[in-house]
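Read off the chains here:
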Amino acid sequence: QVQLVESGGGLVQAGGSLRLSCAASGITFSINAMNWYRQAPGKQRELVATITSGGSTNYANSVKGRFTISRESGKNTMVLQMNSLKPEDTAVYYCHLQGPSSWSYYWGQGTQVTVSS
């Protein structure tokens, strides 16, 4: 079965960096896109970054220039490098894979990122 495991979350000071990883296993479908979402307490879950099967990337305006999404070559693992972190980046970050159909998607369990001021 499909399993997504996030890692790399933690507590950092403003201006610091974190590197989140999402390792996927049990993938039997074509991956159209790999995504990172985040959800802060009391707020709606938002899309942070996307990387398509063709390698194109896109970012939320709030993280452009600070976050970088990538995929490790030869692996179903994606990485979110987060630099110049701000307190407003504090949230639970979720890995998400989108398959070829609208109903073919999977979520990870989430990893907590806390940025102190």
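Everything numeric in this text was worked out from a predicted model, so none of it was measured. (Residues numbered from 1 in each chain as written. Predicted model: local features only at pLDDT ≥ 70, side-chain atom pairs only at ≥ 80, totals over all residues. Heavy atoms only, no water.)

## Remarks on the packing of aromatic side chains
Point 1. Per the stated rule, a full pass over the model turns up three aromatic pairs.
Point 2. A ring pair is formed by phenylalanine 29 and tyrosine 106, whose centres lie 5.2 Å apart and whose planes are at 15°; its orientation type is stacked. Placement of phenylalanine 29 in the loop between strand 3 (18–25) and strand 4 (33–39) and of tyrosine 106 in strand 10 (residues 105–107) is noted, with a sequence separation of 77 residues between them.
Point 3. Accessibility expressed as a relative area gives 17% for phenylalanine 29, which makes it buried.
Point 4. Taken together, the ring pairs in this structure connect Tyr37, Tyr94 and Trp107 into an aromatic cluster.
Point 5. In this structure, arginine 45 is placed above the aromatic ring of tyrosine 94, and the distance from its NZ or CZ to the ring centre is 3.9 Å.
Point 6. The aromatic ring of tryptophan 107 is capped on one face by arginine 45, whose charged end is 4.7 Å from the ring centroid. (Phe/Tyr/Trp six-rings, centres within 6.5 Å; stacked < 30°, edge-to-face > 60°. Helix = DSSP H or I, 4+ residues; strand = E, 2+ residues; numbered from the N terminus. Buried < 20%, exposed > 50% of the residue type's maximum accessible area, 1.4 Å probe, protein only. Lys NZ or Arg CZ within 6 Å of the ring centre and 35° of its normal.)

## Details of the state of the cysteines
Point 1. According to the stated counting rule, one finds one disulfide in the structure shown.
Point 2. With its sulfur 1.9 Å from that of its partner, cysteine 22 forms a disulfide with cysteine 95. The chirality of the disulfide connecting cysteine 22 with cysteine 95 is left-handed, given an S-S dihedral of about -75°. Of this pair, cysteine 22 sits in strand 3 while cysteine 95 sits in strand 9 (residues 91–98), and the two are 73 residues apart along the sequence. (Disulfide = S-S within 2.5 Å.)

## A short note on the pattern of salt bridges
Point 1. Scanning all chains against the criterion turns up four salt bridges.
Point 2. Among the ionic pairs, glutamate 72 bridges to arginine 19, the shortest N-O distance being 3.3 Å. A residue pair is termed long-range when its members are at least 10 positions apart, and glutamate 72 in the loop between strand 7 (67–71) and strand 8 (77–82) and arginine 19 in strand 3 qualify at 53 residues.
Point 3. Note on glutamate 72: relative accessible area 26%, which makes it partly exposed.
Point 4. The closest approach of N and O atoms between aspartate 89 and arginine 38, which form a salt bridge, is 2.9 Å. Remark: arginine 38 occurs in strand 4 and aspartate 89 occurs in the loop between strand 8 and strand 9; sequence separation between them is 51 residues.
Point 5. Judged by its relative accessible area of 0%, aspartate 89 falls in the buried class. (Salt bridge = Lys/Arg side-chain N within 4 Å of Asp/Glu carboxyl O.)

## Observations regarding the environment of lysine 86
Point 1. Examined against the element boundaries, lysine 86 turns out to sit in the loop between strand 8 and strand 9.
Point 2. Accessibility expressed as a relative area gives 35% for lysine 86, which makes it partly exposed.
Point 3. Along the primary structure lysine 86 and valine 63 are separated by 23 residues, whereas in three dimensions their C-alpha atoms are 9.8 Å apart.
Point 4. Once you skip the residues sitting within four places of it in the chain, lysine 86 turns out to touch Arg66 and Val115. (Contact = heavy atoms within 4.5 Å.)

## Describing the pairing of strand 5 (residues 46–52)
Point 1. By the bridge criterion, six bridges tie strand 4 to strand 5 in an arrangement that is antiparallel. Within the sheet, the bridge partner assigned to asparagine 35 lies in strand 5 and is threonine 50.
Point 2. Linking strand 5 back to strand 6 (residues 57–59) in an antiparallel pair, the connection comprises four residues, with glycine 55 at a positive phi of about 95°. (Pairing = 2+ DSSP bridges.)

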